[in-house]
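Observations on chain architecture
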Amino acid sequence: MNGPPPDVTGAWIHAFEEDTGEAAVYRPADHPFRPARRPRRRIEFGADGTFTEHRPGPDDRPRPVRGHWAWQGANRIAVTFPEGRGGAPFGITVLSRTGDRLLIAK
């Protein structure tokens with residue numbers, strides 16, 4: 001990816017049925033998803049640098065885990081959580097952001 005980082009702010013839900021061998025496909029939260037038995041991963045990038053990942057809780061209902069995100073180059077995002085809350089930091093490689101689709105490297 002060349003140029004400035006794409007705008008990834010907003011809430012994104014994993015459209016796993018659209019995944020490819022190299023990319024996980026995410027759609028905006030208001031996308032008309034088909035029903036699925038498998039839970040869908042939801043991530044949110046706040047314009048203020050906040051990050052929320054909705055993870056299955058003890059009763060399988062999603063629970064929010066909050067942290068922070070920041071760009072590390074043109075296509076790499078670093079996600080961190082407050083110490084002891086949310087787990088280890090991780091990175092996300094953004095392959096593209098077009099219209100209503102966000103592609104993240106698997």
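Read on for an overview of the structure. Keep in mind that this is a model prediction, so the values were computed, not measured.

Right, let's talk about the packing of aromatic side chains for a bit. If you walk through the whole model with that rule in mind, you get 6 aromatic pairs. Centre to centre, the rings of Phe45 and Trp69 are 5.3 Å apart; their planes meet at 80°, and the pair counts as edge-to-face. Of this pair, Phe45 sits in strand 3 (residues 42-45) while Trp69 sits in strand 5 (residues 62-71); the two residues are 24 residues apart in sequence, bridging distant segments of the chain. Residue Trp69 is classed as buried on the basis of its relative accessible area of 12%. Each ring, one from Phe51 and one from Phe81, has its centre 6.3 Å from the other, and the planes form 70°; the classification is edge-to-face. Here Phe51 is found in strand 4 (residues 50-56), whereas its partner Phe81 is found in the loop between strand 6 (76-80) and strand 7 (90-98), with 30 residues between them in sequence. On the accessibility criterion, Phe81 (10% relative accessible area) is buried. Each member of the aromatic cluster is reached from another via a ring pair, and the members are Phe45, Phe51, Trp69, Trp71, Phe81 and Phe90.

On to the nonpolar core, then. Proteins that are soluble and globular tend to have nonpolar side chains buried together. Judged by nonpolar contacts, the single largest core of 16 residues is most densely connected at Phe45, Phe51, Ile77, Ile92 and Leu102. Every element with two or more residues in this core is listed here: strand 2 (23-28), strand 3, strand 5, strand 6, strand 7 and strand 8 (101-105). For Ile92, the contacting residues outside a window of four places in its chain are Phe45, Phe51, Asn75, Arg76, Ile77, Val79 and Ile104.

Rules and cut-offs
- Residues numbered from 1 in each chain as written.
- Predicted model: local features only at pLDDT ≥ 70, side-chain atom pairs only at ≥ 80, totals over all residues.
- Heavy atoms only, no water.
- Phe/Tyr/Trp six-rings, centres within 6.5 Å; stacked < 30°, edge-to-face > 60°.
- Helix = DSSP H or I, 4+ residues; strand = E, 2+ residues; numbered from the N terminus.
- Buried < 20%, exposed > 50% of the residue type's maximum accessible area, 1.4 Å probe, protein only.
- Core = buried A, V, L, I, M, F, W, Y, C linked by side-chain atoms within 4.5 Å.
- Contact = heavy atoms within 4.5 Å.

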